[in-house]
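A structural walkthrough
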Amino acid sequence: LHDALPICEACEMLADHEDSGIRILAGGTDLLVNLKRPLVQSQLHETVGDEASQLISTVSSESWEGEEFPLPRKDEPGILVSLHKLKELERIDIFDERKVTIGALVTAREIQKRVELRDIYMALSEGADSLGSPLVRARGTLGGNFCNARPAADMVIPSICLGAKLTLTSSKGERTVDSADFILAPGKTILANGEILTSILFSLPARSGSAYYKLAQRKALDISVVGVASAVTLTEDGNVERVRTTLGAVGPTPLIASSVEPILTGKHPTEDLLVKAAQAAGTDAVPIDDHRGSAEYRRHMVEVLTGRTLAQAIKRAGGEL
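A brief report on the enclosed structure follows. As the structure is a prediction and not an experimental result, all values here were calculated from the model.

Before going further, it helps to examine helix H11 (residues 271-284). Along its 14 residues, H11 runs 20 Å from first to last C-alpha, staying within 8% of the 20 Å computed at 1.5 Å per residue. Residues of H11 that are buried: Leu273, Leu274, Ala277, Ala278, Ala280, Ala281, Gly282 and Asp284. Taken together, the buried residues of H11 touch strand S12 (240-248), strand S13 (255-256), helix H10 (260-264) and helix H12 (295-316).

Okay, structure coming up:
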């Protein structure tokens, strides 16, 4: 795209070429790798056969976690549209100390560096800290993390937990959607033809805190076994006014642990209540067995990490257990 190209013109390009399998290129940390995978995939199926592939969740069409080796696509893009000249999508606009809009092309590294984000939206910063390697963080974008629609996306899980709102732009205008509604299935979002995710809005009241923890087999360049984010808002007297816990890598999409909210809302947080909330979060998870861990192990770690992130979020909100 040439310099100063407006977003609406980019949307028109997408709509004009939608029959060509057009795809958007942001950081490219996943898309450029995925373009090469159908060849690898065909070789895998020729080697292991259908019967053997049923034993490996990452190549089974019945499994939700097909992140490493997705089955061959019939709609491989014929055209890539790079958005890197749309500089307005690289902005971070802070309206006040608790409300911020992050452009879809803002990188994980930029989110890491912004102290004002880390002070208020700690879970998002910790998600950026956990993403890939330094090279991946320097290229990977917040918008791309959403649009890849992975159930273990490190910046998406805390964004949903923080109640982020997404702005989707097309040649017909804009619409705003809740981040929790954006991902429909692995690799599938609510984006319509000709639409671009342009910005992500975060807004938290005072006395709020959040935390994100990623459990992986390696500290870098690995998809999480379990990822958990929690956000808590306290009243002036220290009771829980609002709480949300989001789970990653334990379902086909990032999941909101809906059982946590009724246990804590309106009550003064105690260690006993956190144990109950953590156990409830474990029942909300729907993990699978694969080479990273068993479903039983994942469900147990959901409980452990929910308790840990809730305690951290309460402390960061100025509360005490």
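Having put the structure on the table, let's press on.
The next point concerns the pairing of strand S11 (residues 226-234). Most of S11 sits out of view: nine of its nine residues are buried. A two-sided burial pattern is seen for S11, the buried positions comprising Val226, Val228, Ser230, Val232 and Leu234 on one face and Gly227, Ala229, Ala231 and Thr233 on the other. Alignment of strand S10 (residues 208-215) against S11, held across eight bridges, turns out to be antiparallel. In the strand pairing of S11, alanine 211 is matched with serine 230. Alignment of S11 against S12, held across eight bridges, turns out to be antiparallel. What sits directly across from threonine 233, in S12, is arginine 242. Taking the residues that link successive antiparallel strands as the turn, the S11-S12 hairpin has five residues, and the phi of glycine 238 there is positive, at about 90°.

Attention now goes to the environment of isoleucine 79. Relative to the helices and strands, isoleucine 79 is located in the loop between helix H3 (37-53) and strand S2 (80-82). In this structure the C-alpha to C-alpha distance between isoleucine 79 and leucine 25, which are 54 residues apart in sequence, comes to 9.9 Å.

Quick look at the nonpolar core now. Counting residues in each nonpolar core, the largest one holds 37 residues, and the members touching the most others are Ile102, Tyr121, Leu124, Leu142 and Phe202. When neighbours within four sequence positions are excluded, phenylalanine 202 is seen to be in contact with Arg98, Lys99, Val100, Ile102, Tyr121, Leu124, Leu142, Ser159, Leu162 and Ala164. With 28 residues, the next largest nonpolar core counts Leu215, Leu247, Ala280 and Ala281 among its residues.

Cut-off values and rules
Residues numbered from 1 in each chain as written. Predicted model: local features only at pLDDT ≥ 70, side-chain atom pairs only at ≥ 80, totals over all residues. Heavy atoms only, no water. Helix = DSSP H or I, 4+ residues; strand = E, 2+ residues; numbered from the N terminus. Expected span 1.5 Å × (residues − 1). Buried < 20%, exposed > 50% of the residue type's maximum accessible area, 1.4 Å probe, protein only. Contact = heavy atoms within 4.5 Å. Pairing = 2+ DSSP bridges. Core = buried A, V, L, I, M, F, W, Y, C linked by side-chain atoms within 4.5 Å.

None of this, on its own, says anything about what the molecule does.
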